[in-house]
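Architecture and fold: a report
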Amino acid sequence: MIFDLKSSFTFSNDISSISKELQDSIKSFNSKIHQKDKTVEIKDIKIKKNILYFGIISEGIFRPHNALLQLKNEISKEFGKKHHVGVREIKITGYNISFELEKKPLKDITIPFADVKFKDKIATIILKEVDEEFLQRNYIDRMINRVSEKVESQYYEGKGEFWKAIWESAEKKPLWNKDPTEEMVKNKWLEQGPTKGKWFYRAQATAILKTMEKIAIEEVLKPLGFQEVIESHIVPFDIWLKTGHMEGMPGEFYYVCEPATRDTQAWERFVDLTKITKEVHIDELMNNLSPPKAGICYAQCPIIYWSFKGKTISEKSLPVLVYDKTAISNRYESGGRHGIERVDEFHRIEPVYIGTREQLLKLRENLLDCYKHIFNDIFDLEWRIAWVTPWYMQQAGKIGDESTQDTGTIDFEAYMPYRGDRKTSEWLEFQNLSILGDKYIKAFNIKAQKNELWSGCSGIGLERWTAAFLAQKSLDPNNWPEGFRKYLDKLPVGIEFL
Ligand code: ATP
Ligand code: ZN
Ligand code: MG
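Remember, it's a predicted structure, so these values are computed and weren't measured experimentally.

What counts and how
- Residues numbered from 1 in each chain as written.
- Chains lettered and ligands numbered in written order.
- Predicted model: local features only at pLDDT ≥ 70, side-chain atom pairs only at ≥ 80, totals over all residues.
- Heavy atoms only, no water.
- Core = buried A, V, L, I, M, F, W, Y, C linked by side-chain atoms within 4.5 Å.
- Buried < 20%, exposed > 50% of the residue type's maximum accessible area, 1.4 Å probe, protein only.
- Helix = DSSP H or I, 4+ residues; strand = E, 2+ residues; numbered from the N terminus.
- Contact = heavy atoms within 4.5 Å.
- Donors = N, O, S within 2.8 Å, 3.2 Å for Na, K, Ca; no water.
- Near = heavy atom within 4 Å.
- Polar contact = N/O pair within 3.5 Å; in protein donor to acceptor, adjacent residues only side chain to side chain.
- Nonpolar A, V, L, I, M, F, W, Y, C, P; charged D, E, K, R; others polar.
- pLDDT = per-residue confidence, 0-100.

In this structure, Phe375, Phe379, Phe412 and Trp465 are the most contacted members of the largest nonpolar core, which totals 63 residues. Among the elements that make up this core, the one with the highest residue count is helix α6 (residues 203-224) (eleven residues). Contacts of Phe379, omitting those with residues within four sequence positions, involve Met212, Ile215, Ile374, Trp465, Phe469, Lys473, Pro481 and Phe484. Counting residues in hydrophobic clusters, the runner-up holds 45 residues, among them Phe3, Phe11, Val40 and Ile109.

Here it is in structure tokens:
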């Protein structure tokens, strides 16, 4: 890596008379840095009236922008006392950073704050006119990482995520091959919701979804000792910044705006317009809204982790086993929406677990046993389990890699007969189970008395459980397996529409 910085300090007074002293001071500062990093060189020192011009190059771990800030402090201390001059302003007139990439870029990229040029495997970031605050904020290292990451992702594009089946049930003869959503709509169990990707569940569909919830609680969460918690639906950006969701999927959130005020005077014109035109005047509305600072729940775990932020958990309370079934997940699925299985608003139960590595590996076995019991003995499903690497783990080296199966994500997938042949059609991911190492533990600074903590979560999608079950077992309760009929054997009588 080569860092080449051109800078100047503007002093409060003319410094030409102390030019020699300044040069000596810079030299001794330079030799001090050499003890840490031999490659740092302060060069091309020029003095004109009250301005000191110089360059700093480095090829090592000590970044010129850090050297620059230290030099400023050093000079201010020394010359402030002796000559009553201080550094008024730091100017960076040019900052080029060249580094070798692992792979040759396939095309040009752009990043904020700088131009990026490539020559074979060498990338050069060219910054112009940056200020002191910019340097202090550690943006430079993150810009270098972002360039490497963007080039790396050029090689992944279109490749999808890592996927490997690790367990498969026996083939089951489907009882029909219809799309359960379409049939439920025909039967008036379900209505398309008022906005995109939402549904209105009438009593029959609701009974099935609620049965799914009951089965998850009775067969998994209660036996394993999970405790229910209730969290907020609204997630402030700082939580998503910590979990990585903010950079991971900003295009999938539903954003939340607060009113700028509840002062009736401020809203008077909006109310007048609404009463007179019987329309919503969006421009007038926007005048009275604050910009969003939060979004609607995407998954429940971020707020659960936040609730443990900075806390030390007693050994007695480990493993922590909690779940939320209240917050409703919202995701902007755009073109992917389909039936009740890919919606913008869905009902999930999310168990979250925090404990030692051994506790969580054991828990994963126990969760798997409970889940297998449900899908084999209660639903009688044709399904499989696959090892996958989700987006947020792909950058993180070994996590999710086959070589270590301690951490990573397991997807549960069901055959959907209405989609076609079991070999060639896409199966539905109806839930997942992750152990995420210390990623969120670190992000939220969660501690134990002596042990290192890990965490994980499992997303139980009630719409997906329902879609998978009905796609194989039909809408007729007489067809349903005995185990399921113990939970629900008769559907409510619906409303008759004329
Ligand atoms: P997909 O790849 O299908 O989009 P995902 O990887 O985004 O799923 P996760 O974030 O892992 O899903 O969420 C866990 C669970 O939440 C899924 O297994 C599924 O049960 C449910 N889920 C996710 N997205 C939806 C959706 N749009 N509609 C209904 N359920 C969903
Ligand atoms: Zn989660
Ligand atoms: Mg998704």
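That was the structure; now back to the text.
Summarising the metal site, the zinc ion (ligand 2) is bound by the protein donors Cys301 (SG), Glu350 (OE) and Cys457 (SG), whose distances to it range over 1.9 to 2.4 Å. Sequence spacing of the donors to the zinc ion (ligand 2): C-x48-E-x106-C. Of this pair, Cys301 sits in helix α11 (residues 301-306) while Cys457 sits in strand β22 (residues 454-461), and the two are 156 residues apart along the sequence. Among the residues examined, Cys301 registers a relative accessible area of 4% and is labelled buried.

In the region of ligand 1, 14 residues are neighbours, and Glu333, Arg342, Val343, Glu429 and Asn432 sit closest. In the environment of ligand 1, an oxygen atom lies 2.7 Å from a nitrogen or oxygen atom belonging to the side chain of Arg342. Looking at the shell around ligand 1, the elements that each hand over two or more residues are β17 (345-355), β20 (428-435) and β22. In terms of residue count, the dominant contributor to the shell around ligand 1 is β20 (four residues). In terms of residue class, the shell around ligand 1 is built from three nonpolar, four polar and seven charged.

This brings us to the confidence of the model for the protein chain. The predicted coordinates ought not to be read in detail in places where the model reports low pLDDT. The share of residues in the protein chain with pLDDT of 70 or more is 97%, and the mean pLDDT across the chain is 94. Within the model, the stretch residues 396-400 combines pLDDT values under 50 with ten contacts to residues more than four positions away or in other chains.

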